[in-house]
Amino acid sequence: MSDCCSVNANSGSAPAAMACPANGTRSKRVDTLTVKSLARKLPLGMPNTQYYFCDASDCELVYFALDTEAPRFRREDLFVRVGAKETADPIPICYCFGFTRQDIWDEMRSTGKSTVAERIKIEVEAGHCACEVKNPSGKCCLGDIRRAAKDGLRVVQGNGF
Ligand SMILES: [Zn+2]
């Protein structure tokens, strides 16, 4: 995605995705910088290995590594709430500028549409985002913002939820 601001992980030869050892969800690579930035406490002697991010809502595990001996990080090991794993508000979506799912839906309720993606895009283009150290996925949130806005349409129209 051209509007994505995330830095490319130093991929090496590690697979692009791995199955989460807790629940089998296909999990994508995440930069070690992201893991180190969001973990409350780093274990001593953390090995240099490729980490992966499990975004399944029914799984407590957030980060696991290619090296199965490497420490794993669960939800409670992180500073932030992992939006993809939360079912109760506040559900953070944009970690750089602090937008939650509620913010998006509130705007849609009052105006009928969401302008959050456009507002974030302007900030991204100006180089103001820091997804790789703030977002648990290490990636740009714009895809998640657009998904939340799509879900919001159903809420605003009163179907479901
Ligand atoms: Zn998992």
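A brief structural summary.

What counts, and at which threshold
- Residues numbered from 1 in each chain as written.
- Predicted model: local features only at pLDDT ≥ 70, side-chain atom pairs only at ≥ 80, totals over all residues.
- Heavy atoms only, no water.
- Pairing = 2+ DSSP bridges.
- Helix = DSSP H or I, 4+ residues; strand = E, 2+ residues; numbered from the N terminus.
- Core = buried A, V, L, I, M, F, W, Y, C linked by side-chain atoms within 4.5 Å.
- Buried < 20%, exposed > 50% of the residue type's maximum accessible area, 1.4 Å probe, protein only.
- Contact = heavy atoms within 4.5 Å.
- Donors = N, O, S within 2.8 Å, 3.2 Å for Na, K, Ca; no water.
- Tetrahedral: all angles 85-135°; square planar, octahedral: opposite > 155°, others 65-115°.

### Regarding the sheet that holds strand β2 (residues 26–30)
Working step 1: Sheet architecture is open: five strands sit in the order β1-β2-β3-β4-β5, paired in antiparallel fashion. Each edge of the sheet is formed by a strand with only one pairing partner; in this case those strands are β1 (17–19) and β5 (73–74).
Working step 2: Sheet topology places strand β4 (residues 61–65) next to β5; two bridges connect them, and they run antiparallel. Following the sheet pairing, Y63 is matched in β5 by F73.

### Some words on the nonpolar core
Working step 1: Grouped together as the largest cluster of nonpolar side chains are 20 residues, with contacts concentrated most on C94, I104, V116, I120 and I145.
Working step 2: Every element with two or more residues in this core is listed here: β6 (92–94), α2 (101–111), α3 (116–125) and α5 (142–156).
Working step 3: Here the element with the most residues in this core is α5; it accounts for five residues.
Working step 4: Each residue touching I104, except ones within four places of it in the same chain, is listed here: I93, S114, V116, I145, A148 and A149.

### A closer look at the coordination of the zinc ion
Working step 1: Every protein donor of the zinc ion is listed here as C20 (SG), N23 (OD1), C54 (SG) and C59 (SG), and their distances to the metal cover 2.2 to 2.7 Å.
Working step 2: Coordination at the zinc ion is tetrahedral, judged from the four donor atoms that bind it and the angles of 87 to 123 degrees they form at the metal.
Working step 3: Within one chain, the residues serving as donors to the zinc ion are arranged as C-x2-N-x30-C-x4-C. Of the two residues, C20 sits in the loop between β1 and β2 while C59 sits in the loop between β3 (51–53) and β4, which places them 39 residues apart along the sequence.
Working step 4: Exposure remark for C20: the relative accessible area of 4% places this residue in the buried category.

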